[in-house]
Amino acid sequence: MFDLLLRRARLVDDTLTDIAIQDGKIAALGEIRAPSHKTIELDGNYYVSAGWIDSHVHCYPNSPIYHDQPDSVGIATGVTTVIDAGSTGADDVDDFYQLTRQAATDVYALLNISRVGLIAQNELANMANIDAEAVTQAVQRHPDFIVGLKARMSSSVVGENGITPLERAKAIQQQNGELPLMVHIGNNPPNLDEIAELLSSGDIITHCYNGKPNRILTPEGELRGSIVRALKRGVRLDVGHGTASFSFEVARRAIAMGILPDTISSDIYCRNRIDGPVRSLALVMSKFLAIGMSLPQVIACVTSQAADGLRLSHKGRLDVGYDADLTLFTLASTPTLLVDAEKESLQADKILLPLAAIRAGKGYLTEQGSAENAFNF
(Lines give C-alpha, C1' and ligand atoms only; values in the text may rest on other atoms or scores of the structure.)
Protein backbone atom coordinates (compact mmCIF):
# COMPACT_ATOMS: atom_id res chain seq x y z
CA MET A 1 0.00 0.00 0.00
CA PHE A 2 1.37 3.40 -1.00
CA ASP A 3 1.67 6.26 1.48
CA LEU A 4 0.16 8.85 -0.88
CA LEU A 5 -1.42 8.77 -4.31
CA LEU A 6 -1.95 11.83 -6.48
CA ARG A 7 -4.55 10.88 -9.05
CA ARG A 8 -4.78 12.52 -12.49
CA ALA A 9 -2.03 15.07 -12.00
CA ARG A 10 -1.42 17.37 -14.97
CA LEU A 11 2.17 17.46 -16.17
CA VAL A 12 3.69 20.47 -17.91
CA ASP A 13 3.19 18.80 -21.30
CA ASP A 14 -0.54 18.62 -20.40
CA THR A 15 -0.64 14.84 -20.12
CA LEU A 16 -2.27 13.30 -17.04
CA THR A 17 -0.76 10.71 -14.73
CA ASP A 18 -1.11 9.19 -11.29
CA ILE A 19 1.86 9.57 -8.96
CA ALA A 20 2.42 7.18 -6.04
CA ILE A 21 4.72 7.97 -3.13
CA GLN A 22 6.21 5.50 -0.68
CA ASP A 23 8.83 6.08 2.03
CA GLY A 24 9.71 9.55 0.75
CA LYS A 25 10.36 8.40 -2.82
CA ILE A 26 8.39 8.35 -6.04
CA ALA A 27 7.22 4.72 -6.22
CA ALA A 28 5.11 4.56 -9.37
CA LEU A 29 3.72 6.64 -12.24
CA GLY A 30 0.99 6.02 -14.78
CA GLU A 31 -2.47 4.60 -14.21
CA ILE A 32 -2.22 3.20 -10.70
CA ARG A 33 -4.83 0.83 -9.24
CA ALA A 34 -3.06 -0.11 -6.02
CA PRO A 35 -4.47 1.21 -2.72
CA SER A 36 -2.90 4.02 -0.71
CA HIS A 37 -3.22 5.39 2.80
CA LYS A 38 -4.22 8.76 1.34
CA THR A 39 -5.44 9.70 -2.13
CA ILE A 40 -5.74 13.23 -3.49
CA GLU A 41 -7.93 13.62 -6.55
CA LEU A 42 -6.48 16.34 -8.79
CA ASP A 43 -8.82 15.66 -11.75
CA GLY A 44 -6.40 17.28 -14.18
CA ASN A 45 -7.06 20.68 -12.61
CA TYR A 46 -3.62 21.16 -11.09
CA TYR A 47 -0.11 20.95 -12.50
CA VAL A 48 2.45 18.78 -10.74
CA SER A 49 6.17 18.97 -11.43
CA ALA A 50 9.26 17.74 -9.70
CA GLY A 51 9.86 19.94 -6.67
CA TRP A 52 11.13 23.39 -7.55
CA ILE A 53 14.80 24.04 -6.82
CA ASP A 54 15.97 27.61 -6.22
CA SER A 55 19.66 27.55 -7.13
CA HIS A 56 20.49 30.94 -5.56
CA VAL A 57 19.03 32.16 -2.28
CA HIS A 58 20.33 33.74 0.93
CA CYS A 59 18.75 32.00 3.92
CA TYR A 60 21.36 31.87 6.68
CA PRO A 61 19.34 33.49 9.49
CA ASN A 62 22.44 34.75 11.30
CA SER A 63 23.92 36.63 8.34
CA PRO A 64 24.19 40.35 9.15
CA ILE A 65 23.49 41.44 5.55
CA TYR A 66 21.46 39.00 3.45
CA HIS A 67 19.40 36.70 5.64
CA ASP A 68 16.10 34.86 5.81
CA GLN A 69 14.56 31.66 7.14
CA PRO A 70 14.92 28.64 4.82
CA ASP A 71 11.22 27.77 4.98
CA SER A 72 10.18 31.37 4.24
CA VAL A 73 11.94 31.24 0.87
CA GLY A 74 11.39 27.52 0.41
CA ILE A 75 8.48 25.31 1.32
CA ALA A 76 6.14 28.24 2.11
CA THR A 77 6.41 29.33 -1.53
CA GLY A 78 6.20 25.89 -3.15
CA VAL A 79 10.00 25.46 -3.38
CA THR A 80 11.21 22.14 -2.02
CA THR A 81 14.98 22.69 -2.27
CA VAL A 82 17.09 25.83 -1.87
CA ILE A 83 20.79 26.41 -2.36
CA ASP A 84 22.25 29.21 -0.28
CA ALA A 85 24.75 30.99 -2.52
CA GLY A 86 27.69 32.00 -0.40
CA SER A 87 26.13 33.48 2.73
CA THR A 88 28.52 31.38 4.77
CA GLY A 89 32.20 30.62 4.53
CA ALA A 90 34.29 28.07 6.37
CA ASP A 91 33.98 29.97 9.64
CA ASP A 92 30.20 29.81 9.96
CA VAL A 93 29.04 26.96 7.71
CA ASP A 94 28.84 24.58 10.69
CA ASP A 95 26.31 26.85 12.39
CA PHE A 96 24.33 27.16 9.17
CA TYR A 97 24.28 23.41 8.70
CA GLN A 98 22.87 22.84 12.19
CA LEU A 99 20.14 25.44 11.65
CA THR A 100 19.05 23.82 8.39
CA ARG A 101 18.42 20.49 10.09
CA GLN A 102 15.28 22.02 11.58
CA ALA A 103 13.84 23.15 8.23
CA ALA A 104 11.16 21.39 6.22
CA THR A 105 12.84 22.70 3.06
CA ASP A 106 15.87 20.76 1.83
CA VAL A 107 18.80 23.17 2.13
CA TYR A 108 22.28 23.03 0.56
CA ALA A 109 25.14 25.51 0.46
CA LEU A 110 27.55 26.99 -2.02
CA LEU A 111 30.48 27.78 0.25
CA ASN A 112 31.86 31.30 -0.03
CA ILE A 113 35.57 31.11 -0.89
CA SER A 114 36.04 33.81 1.76
CA ARG A 115 36.13 32.08 5.10
CA VAL A 116 34.14 34.91 6.74
CA GLY A 117 31.21 34.68 4.30
CA LEU A 118 28.86 37.59 3.83
CA ILE A 119 29.50 39.53 7.00
CA ALA A 120 30.26 42.60 4.85
CA GLN A 121 30.03 43.55 1.19
CA ASN A 122 33.79 43.27 0.57
CA GLU A 123 34.60 39.76 1.72
CA LEU A 124 37.23 39.27 -1.04
CA ALA A 125 39.02 42.61 -0.58
CA ASN A 126 41.36 40.95 1.94
CA MET A 127 43.14 38.02 0.29
CA ALA A 128 43.85 36.54 3.73
CA ASN A 129 40.16 35.62 3.88
CA ILE A 130 40.68 33.14 1.04
CA ASP A 131 41.95 30.13 2.96
CA ALA A 132 42.15 27.04 0.77
CA GLU A 133 42.74 24.66 3.66
CA ALA A 134 39.73 26.02 5.56
CA VAL A 135 37.56 25.45 2.48
CA THR A 136 38.80 21.88 2.09
CA GLN A 137 38.17 21.08 5.75
CA ALA A 138 34.64 22.53 5.54
CA VAL A 139 33.87 20.45 2.44
CA GLN A 140 35.17 17.35 4.19
CA ARG A 141 33.00 18.07 7.24
CA HIS A 142 29.86 18.55 5.14
CA PRO A 143 30.20 16.62 1.88
CA ASP A 144 26.44 16.18 1.53
CA PHE A 145 25.61 19.80 2.38
CA ILE A 146 28.21 21.83 0.49
CA VAL A 147 27.40 21.26 -3.20
CA GLY A 148 29.67 23.92 -4.68
CA LEU A 149 31.66 27.11 -4.21
CA LYS A 150 30.73 30.78 -4.60
CA ALA A 151 32.90 33.73 -5.64
CA ARG A 152 31.43 37.22 -5.91
CA MET A 153 33.44 38.99 -8.59
CA SER A 154 32.41 42.63 -8.60
CA SER A 155 34.32 45.77 -7.67
CA SER A 156 32.61 46.35 -4.33
CA VAL A 157 33.52 42.81 -3.24
CA VAL A 158 37.09 42.36 -4.48
CA GLY A 159 38.38 45.87 -3.85
CA GLU A 160 41.86 46.26 -5.37
CA ASN A 161 42.31 42.53 -5.96
CA GLY A 162 40.84 42.38 -9.45
CA ILE A 163 40.67 38.91 -10.97
CA THR A 164 42.98 37.31 -8.38
CA PRO A 165 40.22 35.97 -6.09
CA LEU A 166 38.71 34.07 -9.03
CA GLU A 167 42.10 32.58 -9.89
CA ARG A 168 42.33 31.40 -6.29
CA ALA A 169 38.76 30.06 -6.47
CA LYS A 170 39.61 27.96 -9.52
CA ALA A 171 42.64 26.50 -7.74
CA ILE A 172 40.51 25.67 -4.68
CA GLN A 173 37.91 24.10 -6.96
CA GLN A 174 40.52 21.77 -8.45
CA GLN A 175 41.57 20.71 -4.95
CA ASN A 176 37.99 19.77 -4.02
CA GLY A 177 36.76 17.40 -6.67
CA GLU A 178 35.88 20.08 -9.24
CA LEU A 179 32.83 21.20 -7.27
CA PRO A 180 30.56 23.52 -9.27
CA LEU A 181 31.71 27.13 -8.94
CA MET A 182 29.09 29.88 -9.07
CA VAL A 183 30.48 33.29 -9.98
CA HIS A 184 28.57 36.50 -9.27
CA ILE A 185 29.05 39.18 -11.94
CA GLY A 186 28.32 42.84 -11.34
CA ASN A 187 30.12 46.15 -11.68
CA ASN A 188 33.70 46.04 -12.93
CA PRO A 189 36.56 45.68 -12.32
CA PRO A 190 37.18 42.87 -12.92
CA ASN A 191 35.86 42.95 -16.46
CA LEU A 192 33.42 40.23 -17.47
CA ASP A 193 35.72 39.13 -20.29
CA GLU A 194 38.47 38.37 -17.74
CA ILE A 195 36.01 36.43 -15.64
CA ALA A 196 34.50 34.42 -18.48
CA GLU A 197 37.85 33.31 -19.88
CA LEU A 198 38.73 31.63 -16.56
CA LEU A 199 35.55 29.58 -16.35
CA SER A 200 35.27 25.95 -17.39
CA SER A 201 32.57 23.36 -17.98
CA GLY A 202 30.04 23.23 -15.15
CA ASP A 203 30.90 26.66 -13.74
CA ILE A 204 27.92 28.95 -13.30
CA ILE A 205 27.58 32.65 -14.13
CA THR A 206 24.89 34.08 -11.89
CA HIS A 207 23.11 37.42 -12.48
CA CYS A 208 23.47 36.52 -16.14
CA TYR A 209 20.85 39.03 -17.34
CA ASN A 210 21.89 41.98 -15.19
CA GLY A 211 21.54 45.43 -16.73
CA LYS A 212 24.87 46.84 -15.57
CA PRO A 213 27.58 47.97 -18.01
CA ASN A 214 29.59 44.81 -17.21
CA ARG A 215 26.91 42.54 -18.72
CA ILE A 216 26.81 39.68 -21.21
CA LEU A 217 25.75 41.93 -24.10
CA THR A 218 27.95 44.40 -25.95
CA PRO A 219 26.81 48.04 -26.24
CA GLU A 220 25.50 47.05 -29.69
CA GLY A 221 23.30 44.37 -28.15
CA GLU A 222 25.31 41.36 -29.30
CA LEU A 223 26.56 38.56 -27.07
CA ARG A 224 30.13 39.16 -25.91
CA GLY A 225 32.68 36.93 -27.61
CA SER A 226 34.01 35.79 -24.22
CA ILE A 227 30.52 34.58 -23.28
CA VAL A 228 30.09 32.79 -26.62
CA ARG A 229 33.32 30.91 -25.93
CA ALA A 230 32.39 30.19 -22.32
CA LEU A 231 29.03 28.71 -23.32
CA LYS A 232 30.76 26.48 -25.87
CA ARG A 233 32.97 25.19 -23.04
CA GLY A 234 29.90 24.25 -21.01
CA VAL A 235 29.63 27.25 -18.67
CA ARG A 236 26.08 27.59 -17.35
CA LEU A 237 23.86 30.67 -16.99
CA ASP A 238 21.87 31.32 -13.81
CA VAL A 239 19.37 34.16 -13.44
CA GLY A 240 19.92 35.24 -9.81
CA HIS A 241 17.31 38.02 -10.09
CA GLY A 242 17.99 39.79 -6.78
CA THR A 243 17.44 43.41 -5.92
CA ALA A 244 19.75 44.83 -8.60
CA SER A 245 20.65 42.07 -11.04
CA PHE A 246 17.90 41.40 -13.58
CA SER A 247 16.92 43.40 -16.67
CA PHE A 248 13.93 42.58 -18.88
CA GLU A 249 15.72 44.26 -21.78
CA VAL A 250 18.87 42.15 -21.46
CA ALA A 251 16.89 38.95 -20.93
CA ARG A 252 14.64 39.61 -23.93
CA ARG A 253 17.58 40.33 -26.24
CA ALA A 254 19.54 37.32 -25.06
CA ILE A 255 16.61 34.91 -25.24
CA ALA A 256 15.74 36.18 -28.73
CA MET A 257 19.27 35.11 -29.72
CA GLY A 258 18.69 31.67 -28.19
CA ILE A 259 20.69 32.40 -25.03
CA LEU A 260 18.31 30.84 -22.52
CA PRO A 261 19.10 30.40 -18.83
CA ASP A 262 20.16 26.99 -17.58
CA THR A 263 18.61 27.82 -14.21
CA ILE A 264 16.08 30.38 -13.04
CA SER A 265 16.82 31.49 -9.49
CA SER A 266 15.68 34.29 -7.23
CA ASP A 267 18.65 35.56 -5.15
CA ILE A 268 15.94 36.07 -2.54
CA TYR A 269 16.36 37.22 1.04
CA CYS A 270 14.01 38.87 3.51
CA ARG A 271 14.14 42.41 2.09
CA ASN A 272 13.56 41.66 -1.59
CA ARG A 273 11.06 38.96 -0.64
CA ILE A 274 8.92 41.41 1.33
CA ASP A 275 9.55 44.67 -0.55
CA GLY A 276 10.34 43.29 -4.01
CA PRO A 277 11.24 43.14 -6.78
CA VAL A 278 11.78 39.41 -6.24
CA ARG A 279 8.92 38.31 -3.94
CA SER A 280 9.25 34.59 -4.76
CA LEU A 281 10.79 32.11 -7.17
CA ALA A 282 7.31 31.65 -8.71
CA LEU A 283 7.15 35.35 -9.58
CA VAL A 284 10.63 35.25 -11.13
CA MET A 285 9.57 32.22 -13.18
CA SER A 286 6.45 34.11 -14.25
CA LYS A 287 8.66 36.87 -15.67
CA PHE A 288 10.25 34.37 -18.03
CA LEU A 289 6.85 33.12 -19.14
CA ALA A 290 5.94 36.73 -19.87
CA ILE A 291 9.14 37.22 -21.87
CA GLY A 292 8.23 34.24 -24.04
CA MET A 293 9.72 31.05 -22.65
CA SER A 294 7.34 28.08 -22.61
CA LEU A 295 6.03 26.48 -19.43
CA PRO A 296 8.11 23.30 -19.96
CA GLN A 297 11.25 25.41 -20.52
CA VAL A 298 10.65 27.42 -17.35
CA ILE A 299 9.91 24.37 -15.21
CA ALA A 300 13.03 22.58 -16.49
CA CYS A 301 15.10 25.54 -15.24
CA VAL A 302 13.97 24.88 -11.65
CA THR A 303 13.87 21.08 -11.78
CA SER A 304 16.00 18.84 -14.00
CA GLN A 305 18.47 21.50 -15.13
CA ALA A 306 18.90 22.86 -11.62
CA ALA A 307 19.49 19.37 -10.25
CA ASP A 308 21.98 18.56 -13.00
CA GLY A 309 23.97 21.75 -12.50
CA LEU A 310 24.44 21.11 -8.77
CA ARG A 311 24.78 17.31 -9.02
CA LEU A 312 21.63 16.60 -7.04
CA SER A 313 21.22 13.23 -8.70
CA HIS A 314 18.18 12.21 -6.64
CA LYS A 315 16.13 15.32 -7.41
CA GLY A 316 14.59 17.26 -10.27
CA ARG A 317 12.66 14.55 -12.11
CA LEU A 318 9.31 12.82 -11.88
CA ASP A 319 10.65 9.31 -12.09
CA VAL A 320 10.58 6.17 -9.96
CA GLY A 321 13.25 6.18 -7.26
CA TYR A 322 13.70 9.96 -7.15
CA ASP A 323 12.94 11.99 -4.02
CA ALA A 324 9.22 12.54 -3.56
CA ASP A 325 9.69 16.30 -3.84
CA LEU A 326 6.84 17.77 -5.88
CA THR A 327 5.33 21.19 -6.49
CA LEU A 328 1.60 21.53 -7.16
CA PHE A 329 0.63 24.71 -8.96
CA THR A 330 -1.71 26.43 -11.37
CA LEU A 331 -1.13 28.82 -14.25
CA ALA A 332 -3.49 31.56 -13.16
CA SER A 333 -5.05 34.02 -15.61
CA THR A 334 -4.29 36.94 -13.35
CA PRO A 335 -3.14 40.14 -15.11
CA THR A 336 -0.07 41.23 -13.15
CA LEU A 337 2.40 44.08 -13.56
CA LEU A 338 5.88 42.60 -13.22
CA VAL A 339 8.93 44.73 -12.38
CA ASP A 340 12.62 44.01 -12.93
CA ALA A 341 15.64 45.28 -10.99
CA GLU A 342 15.88 48.30 -13.31
CA LYS A 343 12.29 49.34 -12.44
CA GLU A 344 11.16 48.47 -15.96
CA SER A 345 7.68 46.92 -15.96
CA LEU A 346 6.00 44.24 -18.04
CA GLN A 347 2.34 43.30 -18.11
CA ALA A 348 1.77 39.56 -17.70
CA ASP A 349 -1.48 37.80 -18.53
CA LYS A 350 -0.66 34.67 -16.54
CA ILE A 351 1.40 33.90 -13.47
CA LEU A 352 2.53 30.73 -11.79
CA LEU A 353 0.69 30.14 -8.53
CA PRO A 354 2.17 27.43 -6.26
CA LEU A 355 -0.48 25.87 -4.05
CA ALA A 356 1.44 23.14 -2.27
CA ALA A 357 4.75 21.35 -2.01
CA ILE A 358 5.48 17.75 -1.15
CA ARG A 359 8.91 17.29 0.42
CA ALA A 360 10.15 13.73 1.01
CA GLY A 361 6.56 12.57 0.77
CA LYS A 362 5.07 15.05 3.26
CA GLY A 363 2.65 17.72 2.05
CA TYR A 364 2.70 21.45 2.85
CA LEU A 365 0.23 24.06 1.66
CA THR A 366 1.41 27.48 0.55
CA GLU A 367 -0.46 30.55 1.77
CA GLN A 368 -2.53 30.57 -1.41
CA GLY A 369 -3.13 26.83 -1.15
CA SER A 370 -4.34 27.24 2.41
CA ALA A 371 -6.66 30.09 1.40
CA GLU A 372 -8.20 27.95 -1.31
CA ASN A 373 -8.24 24.83 0.91
CA ALA A 374 -6.81 23.16 -2.17
CA PHE A 375 -5.66 19.81 -0.85
CA ASN A 376 -6.26 17.74 2.25
CA PHE A 377 -2.80 16.57 3.25
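Residues numbered from 1 in each chain as written. Predicted model: local features only at pLDDT ≥ 70, side-chain atom pairs only at ≥ 80, totals over all residues. Heavy atoms only, no water.

- Identification of the protein as Amidohydrolase/deacetylase family metallohydrolase from Kluyvera cryocrescens is taken from an unreviewed UniProt entry.

## Re the pattern of salt bridges
1) Next: Scanning the entire structure with this criterion turns up 22 salt bridges.
2) Next: Arg 141 is the partner of Asp 94 in a salt bridge, and the nearest nitrogen-oxygen pair spans 3.0 Å. Here the residue Asp 94 occupies a position in helix α2 (residues 93–100), and Arg 141 occupies one in helix α3 (residues 132–141), the gap between them amounting to 47 residues.
3) Next: On the accessibility criterion, Asp 94 (31% relative accessible area) is partly exposed.
4) Next: With a closest N to O distance of 3.2 Å, Arg 224 and Asp 193 form a salt bridge. Linking Arg 224 in the loop between β11 (204–206) and α7 (225–232) with Asp 193 in helix α6 (residues 192–198), this pair joins segments that are 31 residues apart in sequence.
5) Next: Judged by relative accessible area, which is 33%, Asp 193 ranks as partly exposed.
6) Next: Each of Lys 25, Asp 106, Lys 315, Asp 323, Asp 325 and Arg 359 takes part in one network of salt bridges that share partners. (Salt bridge = Lys/Arg side-chain N within 4 Å of Asp/Glu carboxyl O. Helix = DSSP H or I, 4+ residues; strand = E, 2+ residues; numbered from the N terminus. Buried < 20%, exposed > 50% of the residue type's maximum accessible area, 1.4 Å probe, protein only.)

## Remarks on α7
1) Next: Of all the residues in α7, the buried ones are Ser 226, Ile 227 and Ala 230. Around the axis of α7, the buried residues are gathered within 95° of arc, so they sit on the same side.
2) Next: As for α7, its buried residues are in contact with α6 and β11.
3) Next: A positive backbone phi angle near 100° is found at Gly 234, which sits one or two residues after α7. (Arc of directions from axis to C-beta. Contact = heavy atoms within 4.5 Å.)

## With respect to the pairing of strand β1 (residues 2–10)
1) Next: Judged from the five bridges that link them, β1 and strand β4 (residues 36–41) form a sheet pairing that is parallel. Bridging across to β4, Leu 6 finds its partner in Ile 40.
2) Next: Sheet topology note: the β1/strand β2 (residues 16–22) ladder contains five bridges and is antiparallel. When the bridges of β2 are listed, Leu 4 appears paired with Ile 21. (Pairing = 2+ DSSP bridges.)

## Comments concerning the packing of aromatic side chains
1) Next: In this structure the tally under the stated criterion is eleven aromatic pairs.
2) Next: Between the aromatic rings of Tyr 209 and Phe 288, the centroid separation amounts to 6.0 Å while the plane-to-plane angle is 40°, which identifies the pairing as tilted. One end of the pair, Tyr 209, is in the loop between β11 and α7; the other, Phe 288, is in helix α10 (residues 281–291), and 79 residues separate them in sequence. Pair check on accessibility: Tyr 209 and Phe 288 agree, each one buried.
3) Next: Their ring planes at 45° and their centres at 6.0 Å tell us that Phe 375 and Phe 377 sit as a pair that is tilted.
4) Next: A relative accessible area of 25% places Phe 377 in the partly exposed class.
5) Next: Chaining the aromatic ring pairs together yields one cluster made of Tyr 60, Phe 96, Tyr 97 and Phe 145. (Phe/Tyr/Trp six-rings, centres within 6.5 Å; stacked < 30°, edge-to-face > 60°.)

## Topic: the UniProt feature "binding site: Zn(2+) 2" (unreviewed entry) in the protein
1) Next: Here the UniProt feature "binding site: Zn(2+) 2" (unreviewed entry) sits at Lys 150, His 184 and His 207. Spanning 58 residues, the named residues nonetheless gather at one spot, since no C-alpha pair among them exceeds 12.8 Å.
2) Next: Structurally, the position occupied by Lys 150 is in strand β9 (residues 146–153).
3) Next: A relative accessible area of 1% places Lys 150 in the buried class.
4) Next: Dropping the residues within four chain positions of it, Lys 150 is found in contact with His 56, Ala 85, Gly 86, Leu 110, Leu 111, Asn 112, Ile 113, Leu 181, Met 182, His 184 and Thr 206.
5) Next: Engagement of the side chain of Lys 150 in a polar contact is seen with the backbone oxygen of Ala 85, the distance being 3.0 Å.
6) Next: As for its placement among the helices and strands, His 184 is situated in strand β10 (residues 181–185).
7) Next: Judged by its relative accessible area of 10%, His 184 falls in the buried class.
8) Next: For His 184, the contacting residues outside a window of four places in its chain are Lys 150, Ala 151, Arg 152, Met 153, Ser 154, Thr 206 and His 207. (UniProt positions renumbered as here; feature names shortened; annotations may be inferred. Polar contact = N/O pair within 3.5 Å; in protein donor to acceptor, adjacent residues only side chain to side chain.)

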